[in-house]
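Chain by chain, the residues run as shown.
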Amino acid sequence: MAGDGCEFCAVVRGKEPAEVVLDTDTVIAFLDRRPVFKGHVLVVTREHVETLTDLPDALLEPVFAAARLMAATVRTALGSTGSFVAMNNTVSQSVPHLHVHVVPRTKGDGLRGFFWPRTTYADGEMAEYADRLRAALDPTSAVGQEPR
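Rules used throughout
Residue numbers run consecutively from 1 along every chain, following the written order of its sequence. Local features are withheld for residues below a pLDDT of 70 in this predicted model, meaning they are given only at 70 or higher, and side-chain atom pairs are given and counted only at 80 or more; totals for whole chains, interfaces and linings count all residues. Only hydrogens and water are set aside when side-chain values are computed; all heavy atoms of the structure are taken into account. Every angle, taken between N-to-C directions, lies between 0 and 180 degrees, and every axis is a line fitted to C-alpha atoms, over only the stretch in contact when it is a helix. Elements are defined by DSSP. Helices are runs of H or I of four residues or more, strands are runs of E of two residues or more, and each kind is numbered from the N terminus. Note that the term roughly parallel is reserved for angles under 35 degrees, roughly antiparallel for angles over 145, roughly perpendicular for angles of 65 to 115, and oblique for everything else. For any pair of crossing helices, the crossing counts as left-handed if the nearer helix is rotated counterclockwise from the farther one by less than a right angle, and right-handed if it is rotated clockwise. Contacts: residue pairs with any heavy atoms within 4.5 Å of one another. Each residue is assigned to one class: nonpolar for Ala, Val, Leu, Ile, Met, Phe, Trp, Tyr, Cys and Pro, charged for Asp, Glu, Lys and Arg, and polar for all the others, Gly among them. Under the scheme applied here, a residue whose accessible area is under 20% of the maximum for its type counts as buried, over 50% as exposed, and between as partly exposed, the area being computed with a 1.4 Å probe on protein chains only. Two strands pair if DSSP finds at least two bridges between them. Take the number of residues in a helix, subtract one, and multiply by 1.5 Å to get its expected span. Here the arc refers to the set of directions running from the helix axis out to each C-beta atom. Cavities and pockets are found on a 1 Å grid laid over the protein atoms alone: a cavity is a set of points where a 1.4 Å probe fits but cannot escape, a pocket is an open set with protein on both sides within 12 Å along at least five of seven lines, and a lining residue has an atom within 4 Å of such a point. Grid points are joined across faces, edges and corners, and a volume is the space filled by probe spheres set on the points.

### A short note on the packing of helix H2 (residues 57-78) against helix H3 (residues 125-136)
Between H2 and H3, whose axes approach to 8 Å, the crossing angle comes to 110°. Of the possible angle classes, the one that applies to H2 and H3 is roughly perpendicular. Here H2 runs over H3; the crossing is right-handed. In this structure, H2 uses Thr73, Val74, Thr76, Ala77 and Leu78 to contact H3, whose residues at the interface are Tyr129, Arg132, Leu133 and Ala136. Here the contact of H2 with H3 is built from residues that sort into six nonpolar, two polar and one charged.

### Points about the pairing of strand E4 (residues 82-86)
Burial along E4 is one-sided: the face carrying Gly82, Phe84 and Ala86 is buried and the face carrying Ser83 and Val85 is not. Where E4 and strand E5 (residues 99-105) come together, five bridges link them in antiparallel fashion. Residue Val85 lies in a different strand from E5, and its bridge partner there is Val102.

### Examining H3
Here H3 contains 12 residues, and its C-alpha end-to-end distance of 17 Å stays within 8% of the 16 Å for a straight helix at 1.5 Å per residue. Within the span of H3, buried status applies to Glu125, Tyr129, Ala130 and Leu133. Along the axis of H3, the buried positions cluster into a sector of 140°, meaning they face one direction only. In this structure, the buried side of H3 is in contact with strand E1 (20-23), strand E2 (27-31), strand E3 (41-45) and H2.

### Side note on the layout of surface pockets
In this structure, the largest pocket occupies an estimated 260 Å³ of space. Lining of the largest pocket is provided by 18 residues; of these, Glu7, Phe8, Asp32, Arg33 and Leu42 occupy positions nearest its centre. Taken together, the elements giving at least two residues each to the lining of the largest pocket come down to helix H1 (7-12), E2 and E5. The element that contributes the greatest number of residues to the lining of the largest pocket is H1, accounting for three residues.

Here you go:
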């Protein structure tokens, strides 16, 4: 089966714990365990796809609609003034499964260029951030389909 041994496929299948904030038939979004800033979300395909060039046309809209939705949600839920949205393809791709980073940003937050310092969550803090993001999501706006 494609994705055997893939950390993100394990999250999709519920075999690996994650703070899921969006779950649809085609994509799932969850908090990065090593966030650039707290509230950093990863949007991944449910289907194992490694890079953007491998992404089937049918998944283009759901993936980027979810990324757009999460970019708006981090502003609403976390009070960020913007976001950084990015994707690596093979080089610097720590997990070989397509994922879009949605990082909450605030002017003067210290993020410069492509250097991504990482931080950690205190005990219970990751769940608190996930709850805030989930609460800010309008279930009817979930990328054109019913949430799971």
